[in-house]
Amino acid sequence: EVRMQNITAKLIQAQQLARMGSWELDIASNQMFWSKELFDVLQLDPEKFIPSHENYINLLHPDDKQIINDVFNNAIKDKKDYVLIQRRILDNGENLYLECRGQIDLGKDGEVRRLYGVLMDVSDKVIAQQVKEDFTKELEVKVKVRTKELEESLAREKESGKLKSSFVAVASHQFRTPLAVIQSNAELLEMLNNMGVKQEPEKYAKVTSRITAAIAKMTNLMDDVLTLGKLTSGSVRCTPEDIDLVDFCEKMAEEFNSIQQDGRVLDFVTDGEAYKMQLDPKLLNHSLSNLISNAFKYSKEK
């Protein structure tokens, strides 16, 4: 008797340490026995709660009830042991995660006469696993986002590199044209001066106007180069100020019309009542200059 008492005491201690309780169900009488430790695990009062399979099912989370019933009935039908995680809803609304291990005991006729097993509180383990999975998912999302950002950044760098190479090739080609104009007209001026005959002012005016137009083109190209460098380095700043947009556009139209050699002109038309606007004049000038230059460059005839 002393030996049995010692074994029982050790079993109780082991169940308490493992946060575990044992149970047993007699199939014929449908009577269920719970150890005191099982009541403690489920946080129930043994004086008020009557152990039964039905009463236990009612303690569980609604989503788990049907699953537990199916597993329990299949264990009897198929004569197989089972292990299952289930949730009990506590009075404070929190979930208590329970691992139920059930085993069958067969009678002489080969039928299940008894089910028995243990119920263990595995909340800490399940919650820790959920935290780990959530962290892993969050990390995977962050890695995917960062990878996408890096890929997009690399694609932008490649595209920027192509644009730079293309721009440098085009710009170097376009620089040759105004330089050739300046050189040829400078040579023409020299020829006029060396002729020893006084020339009409109109001849000099035509030559100097062509040189001026070529210089203006080179200036625009230099602005393009500088702006491209600022754009790629992310150092372009917008400094808006009050400007008279109508006056701004009229002056720009005059500048472009003054350098055209084929009679084409830029018409500036307004409608409505003018008012001051907050714009960066340098960036606006650069943007409109590019548009207007291309309009003149790629338009045909007049």
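Use the structure listed above.
The shown structure was predicted, so the numbers you read here are calculated from the model rather than taken from an experiment.

Rules behind the numbers
- Residues numbered from 1 in each chain as written.
- Predicted model: local features only at pLDDT ≥ 70, side-chain atom pairs only at ≥ 80, totals over all residues.
- Heavy atoms only, no water.
- Patch = residues over 30% accessible without salt bridge, like charges linked within 9 Å, V, L, I, M, F, W, Y side chains within 5 Å.
- Areas by Shrake-Rupley, 256 points an atom, 1.4 Å probe, with all protein chains shown as cover.
- Salt bridge = Lys/Arg side-chain N within 4 Å of Asp/Glu carboxyl O.
- Lys, Arg positive; Asp, Glu negative; His and termini not counted.
- Charge placed at Lys NZ, Arg CZ, Asp CG, Glu CD.
- Helix = DSSP H or I, 4+ residues; strand = E, 2+ residues; numbered from the N terminus.
- Expected span 1.5 Å × (residues − 1).
- Buried < 20%, exposed > 50% of the residue type's maximum accessible area, 1.4 Å probe, protein only.
- Arc of directions from axis to C-beta.
- Pairing = 2+ DSSP bridges.
- Axes fitted to C-alpha atoms, helices over the stretch in contact; angles between N-to-C directions.
- Contact = heavy atoms within 4.5 Å.
- Core = buried A, V, L, I, M, F, W, Y, C linked by side-chain atoms within 4.5 Å.

Undergrad: Explain a negative patch on the surface here, please?
TA: Negative charge collects at one region of the surface, where Asp244, Glu250, Glu254 and Glu255 lie side by side. Take glutamate 255: it is sitting in helix α7 (residues 245-258).

Undergrad: Where do I start with helix α4 (residues 62-78) in this structure?
TA: An α-helix turns once every 3.6 residues. As a result, residues three or four positions apart point the same way. The end-to-end C-alpha separation of α4 is 25 Å, in line with the 24 Å expected for 17 residues at 1.5 Å each. Taken together, the buried positions of α4 are Asp64, Ile68, Phe72 and Ala75. Buried positions in α4, seen along its axis, are confined to an arc of 70° and lie on one side of it. Along α4, exposed side chains directed more than 90 degrees from the buried face belong to Pro62, Asp63, Gln66 and Lys77. Following α4 by one or two positions, lysine 79 has its phi on the positive side, about 60°.

Undergrad: Please clarify how the pattern of salt bridges should be interpreted in this entry.
TA: Evaluation of the coordinates by the stated rule reveals 10 salt bridges. Notably, a salt bridge pairs aspartate 40 with lysine 36, separated by 3.3 Å at the nearest N-O pair. With a gap of four residues between them, aspartate 40 and lysine 36 both fall in helix α2 (residues 36-42), about one helical turn apart. With a relative accessible area of 54%, lysine 36 lands in the exposed category. Residues joined by salt bridges that share partners form a network here, namely Glu24, Asp105, Arg113 and Arg114.

Undergrad: I tried to follow the pairing of strand β4 (residues 95-106) on my own but got confused; where do I start?
TA: Working note: regular strand, side chains alternate between the two faces of the sheet. Two elements, strand β3 (residues 82-89) and β4, share eight bridges in a ladder whose sense is antiparallel. Across the sheet, residue leucine 84 finds its bridge partner in β4, namely cysteine 100. The antiparallel hairpin formed by β3 and β4 contains five residues in its connecting segment, where glycine 93 sits at a positive phi of about 90°. Pairing of β4 with strand β5 (residues 112-121) involves nine bridges; the strand directions are antiparallel.

Undergrad: How do you make sense of the sheet that holds β3 when you look at a structure like this?
TA: Strands belonging to one sheet form pairs held by backbone hydrogen bonds; the direction of such a pair is parallel or antiparallel. Read across the open sheet, the five strands follow the order β2-β1-β5-β4-β3; overall the sheet is antiparallel. Edge positions in the sheet fall to β2 (31-34) and β3, since each has one partner strand and no second. On average, adjacent strands in this sheet sit at an angle of 25° to one another, irrespective of strand direction. On the sheet, α4 packs against β1 (20-26), β3, β4 and β5 and is oriented at approximately 150° with respect to β3.

Undergrad: When you look at a nonpolar patch on the surface in this model, what are you seeing that I'm missing?
TA: Side chains of Phe135, Leu139 and Val143 sit close together on the surface and give an oily, nonpolar patch of about 290 Å² of accessible area. With respect to the helices and strands, leucine 139 occurs in helix α5 (residues 123-194).

Undergrad: Help me understand the nonpolar core in this model?
TA: One broad trend across soluble globular proteins is that nonpolar side chains are buried collectively. If you look at the biggest cluster of nonpolar residues, it comprises 27 residues, and the most contacted ones within it are Trp23, Trp34, Leu42, Tyr56, Tyr82 and Leu115. Taken together, the elements giving at least two residues each to this core come down to β1, β2, α2, α3 (53-58), α4, β3, β4 and β5. When residues no more than four places from it in sequence are discounted, the contact partners of tyrosine 82 are Trp23, Val71, Phe72, Ala75, Cys100, Arg101, Gly102 and Leu115. Within the second largest apolar cluster, eight residues are counted, among which are Ile243, Met252, Phe256 and Ile292.

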